[in-house]
Structures are given as C-alpha cells and as structure tokens.
Amino acid sequence: MPPEEALAFPPSHPPMRLVGARVVTTDAVLEGASLRVEDGVITDLDAAPVGQDVDFSGDLLIPGFIDIHTDNLERHYMPRPGAHWDAVGAAIAHDGQVAAAGVTTVLDSLSLHGSAEGLDREAHLAAMIEGIDVARSEGLLRIEHFLHLRCEVSDANLETTLAPLLSHRALRMVSVMDHTPGQGQYHDLDGFRARLAEEGQSAEEIEALLTRMVEMRDGSGAEERRQAVAARAAELGVAFASHDDHRVEDIELAARLGCGIAEFPVSIEAAEAARAHGLVNAMGAPNFVRGRSHSGNLSARDAAQRGLLDALCSDYVPMSMLRAVFMLTEAEFGWSLPQAVATATRAPAHMAQLHDRGEVAVGQRADLLRIRHRPGHWPGVRGVWVAGERVA
C-alpha cells in the first residue's frame, strides 16, 4: 500500500466553498475566484454555492507547503541541551508549529547517527519515531507526517540501525550524506577549524577530532554503505537524495546510484552538475532568507538567480519557506507568484512522489493555505486546511 494511502486523512467534513480569493494555480493567479471542496478533494474551480462558504476577502489561496527536510522535531524533543522532552508531546508541539507555518505535509528528517547540541540521535531515534506514531494514532496531529531517514555513510552501525526502519509505513525518503571534514559541507578545513575554535575547543582538541573523523571515513567502508542504502531505496521505490555535494564527481556518483534529488549542493558547480544529470536541487529556505549558508557554502539566492533552485525546504526554521517564497517574487529575483509558490508545493510534492497534492487543481487533495501579503512585507498565514479540514 502506498504511504499516502496508508496515512490518508479520513474525509469526515461537509462540502464547502472558498470564495473571494486570489487563487494561485500552476500557471496563473485567478482574481476573485472560488473553489469547491468535497470529501477532502478539490472538485471545482468555479464553484456554485454549497451552503458553507469561507470568504477570503481578497487574500491569496495557495497549496499547502510540502517540507521534505526539517530538523524541527529534534528541537522539541530536546528543547535545551540535555533536557529531553516527552516524545509524544514533542511530536504534537512540532506538528503545531509547522502547521502554523503553512506546512501541510512534512517529511520529518531524522538522522541515524551523530549528535546535535548533546542529543545522541541514534540513541533517541526510536523514541522520536514512536512519538510521531502515537500522536498520529491518537488523532493528535494536524498535518500529515512522513519519514525522511538521513543516512551517514561514515557510521559503521548504519545498516544495523537502518534495517528495522525500512518497513515503517511512513517511510517516504532516504538520503545519503557524509559530514566528515575535508569534503561536502565541511570541505573548507580552515573554516571547520575556525568554527570549532569559536565553540571553545583548543587547537590540540580540534586536530585530534579531525584525525578521528577522517580515519572513521577512510577506513570504514563508507562507499559500500552508500551503495547499500541506494539498493534499499531502489527496492522500496522511495525518494532517494544525495546531501551536501561539493564536487562534480560527487554528483556523478549520486546519479550513478540512482539519486533523484540533490539536497543542499554546496557549490554552483555541484548544482549545475545536478541539473545536467537529471537531479533536482533542493535548498534550505533559511539560507535563502538570510542570504547565505550558515556554514559558508552556496547561497540559495545565487542558485535562484542562476535558475538552479528547484525546491525549498525549511531545514531548521519552519516559517522560512513562507518568507522565501514571497521573496522570490520581489524585484531582485522577479519570479512569478505561481513559479515561486511551486518551489514549496508542486516541486517538493513531485520529489517525494506525492502526486495527489501540491497544486490547486481539480482532483488534488484540498491542502490549502490562506495567505495575506503585501509586497515587501512578511506574509501571514491566515488559515490552513488539510484534506479539506481546517487545522490552523
């Protein structure tokens, strides 16, 4: 059973009509339009009255955002270093925050290895996934959650950790990455050293860490594990991404392994190579809003200006997708509103193989946003509907 069927929201609400909206379709903005929603699906884009009307009063109506990469669950599971929160409560809080940011489908991107601000990800992975599962089963989630498993190929335990998760019904995406220094996100060793020094580590501690990490990568069978993950993704038919590629050769390897997505390419050369090899580029919206990568790599704005930005994801700031979409329509970039909206809706939906959502069109799931926006100002989410049910 496809994941979208297994996790589908039951259509238990009456038909309604949304009126007085500026409706953003894939290629146009329809002024003063109306649409009908029935059994959780858009059934008409020029709807007659049905008894229940929601007047948008000139606000925008756009598809709900599909976020294929967010670390936000971790921030609720451990809100302060060393302070672990109840896993179900963390899932509910995370869900509410991303819903309020306009996300109607989220791929919770959980790393199978490493630590973040003291969170041992491998040790707490099962608890975080169970928290989402319990919250879902008890009807406590507002939006739809899938899993994006981030596989660190330098981790000797990767295949053991990954194996029991491959049968999880919410699995929708797998990515491979290598965060050891000297390549990828941390190809700039001097910059890597400087960041560790800013965190208070001594020169001796930094060099010892560098040595351990490089030895872990070079002597651990990382490439064999990368190939094994690729094989599992192909068997399952889930979306498969390569993460933080720096060189053209990295993209060529990703293409040979069957990756369809280049997540956060760290150089223009990698982004161009991804496009040339048929991969699509997904960039972090926080990078775009800030104007630069937090680790000094490729700016998402540069990718957009060169026509290399295909999709946005929230990465570590849920509200960033909303802001980035409307920044793309400003004079510096000049994208049309339908083109900009597609980076957070239609494009990531196709990346995640979720073809029942991501557009305002007849037959699509009624995952919809009411947005109030004035050019040059922050946009605001005024309403969120998932499968026709208002959730925020």
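Residues numbered from 1 in each chain as written. Predicted model: local features only at pLDDT ≥ 70, side-chain atom pairs only at ≥ 80, totals over all residues. Heavy atoms only, no water.

**Things to note about the overall build of the chain**
And then number 1: Looking only at helices and strands, the chain has 15 helices and 18 strands in total.
And then number 2: Burial status across the chain gives 55% buried among its 392 residues.
And then number 3: Sequence-distant contacts, at least 24 apart, represent 68% of the contacts inside the chain between residues at least 6 apart.
And then number 4: In the form shown here, the chain has an accessible surface area of approximately 16000 Å², with 49% of it arising from carbon and sulfur atoms. (Helix = DSSP H or I, 4+ residues; strand = E, 2+ residues; numbered from the N terminus. Buried < 20%, exposed > 50% of the residue type's maximum accessible area, 1.4 Å probe, protein only. Contact = heavy atoms within 4.5 Å. Areas by Shrake-Rupley, 256 points an atom, 1.4 Å probe, with all protein chains shown as cover.)

**Structural notes on the confidence of the model for the chain**
And then number 1: Of the residues in the chain, 86% have a pLDDT of 70 or more, and the chain-wide mean is 90.
And then number 2: Here residues 1-6 is a poorly scored stretch, pLDDT under 50, and it has 13 contacts once near neighbours within four places are set aside; other chains count. (pLDDT = per-residue confidence, 0-100.)

**Regarding the environment of Leu107**
And then number 1: Relative to the assigned elements, Leu107 resides in strand β7 (residues 103-111).
And then number 2: Judged by its relative accessible area of 0%, Leu107 falls in the buried class.
And then number 3: Residues Leu107 and Thr70 lie 37 residues apart in sequence; the distance between their C-alpha atoms is 7.1 Å.
And then number 4: Among residues more than four places away in sequence, those in contact with Leu107 are Asp67, Ile68, His69, Thr70, Phe146, His148, Arg172, Met173 and Ala352.

**Notes on the packing of aromatic side chains**
And then number 1: Summed over all chains, the structure comprises two aromatic pairs.
And then number 2: Note on Phe56 and Trp385: the rings are 5.7 Å apart at their centroids and 20° apart in plane angle, and the pair reads as stacked. With a gap of 329 residues between them, Phe56 in the loop between β4 (53-55) and β5 (60-63) and Trp385 in strand β17 (residues 380-386) connect regions that are remote in the sequence.
And then number 3: With a centroid separation of 5.0 Å and an interplanar angle of 40°, the aromatic rings of Phe288 and Phe333 are classed as tilted. Remark: Phe333 occurs in the loop between α13 (320-327) and α14 (337-342) and Phe288 occurs in helix α11 (residues 285-290); sequence separation between them is 45 residues. The exposure classification of Phe288 matches that of Phe333, with both residues buried.
And then number 4: The positively charged end of Arg172 is found above the aromatic ring belonging to Phe146, 5.9 Å away from the centroid.
And then number 5: Sitting over the face of the ring of Phe56, Arg370 holds its NZ or CZ atom 5.2 Å from the ring centroid. (Phe/Tyr/Trp six-rings, centres within 6.5 Å; stacked < 30°, edge-to-face > 60°. Lys NZ or Arg CZ within 6 Å of the ring centre and 35° of its normal.)

**Considerations on the sheet that holds strand β10 (residues 144-152)**
And then number 1: In space, the eight strands of this open sheet follow the order β6-β7-β10-β11-β12-β13-β14-β15, with parallel pairing throughout. Only two strands of the sheet have a single partner each, and these edge strands are β6 (65-70) and β15 (311-313). Averaged over all neighbouring strand pairs, the angle between strand axes comes to 25°, with direction disregarded.
And then number 2: Across the face of the sheet, α13 comes into contact with β6, β7 and β15 while running at roughly 120° to β6. (Pairing = 2+ DSSP bridges. Axes fitted to C-alpha atoms, helices over the stretch in contact; angles between N-to-C directions.)

**Some words on the pairing of strand β12 (residues 239-243)**
And then number 1: With five of five residues buried, β12 lies mostly within the body of the structure.
And then number 2: Across four bridges, the pairing between strand β11 (residues 171-177) and β12 is parallel. Looking at the pairing, Val174 lines up with Phe240 of β12.
And then number 3: Where β12 meets strand β13 (residues 261-263), three bridges bridge the pair, whose relative direction is parallel. Residue Ser242 lies in a different strand from β13, and its bridge partner there is Ala262.

**Things to note about helix α4 (residues 121-137)**
And then number 1: For α4, which comprises 17 residues, the first-to-last C-alpha distance of 24 Å matches the rise-based estimate of 24 Å (1.5 Å per residue) to within 8%.
And then number 2: Between a side-chain oxygen at the N-terminus of α4 and the backbone nitrogen of Glu122 the separation is 3.3 Å; the capping residue is Asp120.
And then number 3: Backbone geometry just downstream of α4 places Gly139 in the positive-phi region, at approximately 70°. (Expected span 1.5 Å × (residues − 1). Polar contact = N/O pair within 3.5 Å; in protein donor to acceptor, adjacent residues only side chain to side chain.)

**Some details on the pattern of salt bridges**
And then number 1: Under the definition given, this model contains 18 salt bridges.
And then number 2: Notably, a salt bridge pairs Glu38 with Arg36, separated by 3.1 Å at the nearest N-O pair.
And then number 3: Given the relative accessible area of 29%, Glu38 is considered partly exposed.
And then number 4: For Arg36, a relative accessible area of 22% translates into the label partly exposed.
And then number 5: A salt bridge links Glu330 to Arg323, with the shortest nitrogen-to-oxygen separation between them at 3.6 Å. (Salt bridge = Lys/Arg side-chain N within 4 Å of Asp/Glu carboxyl O.)

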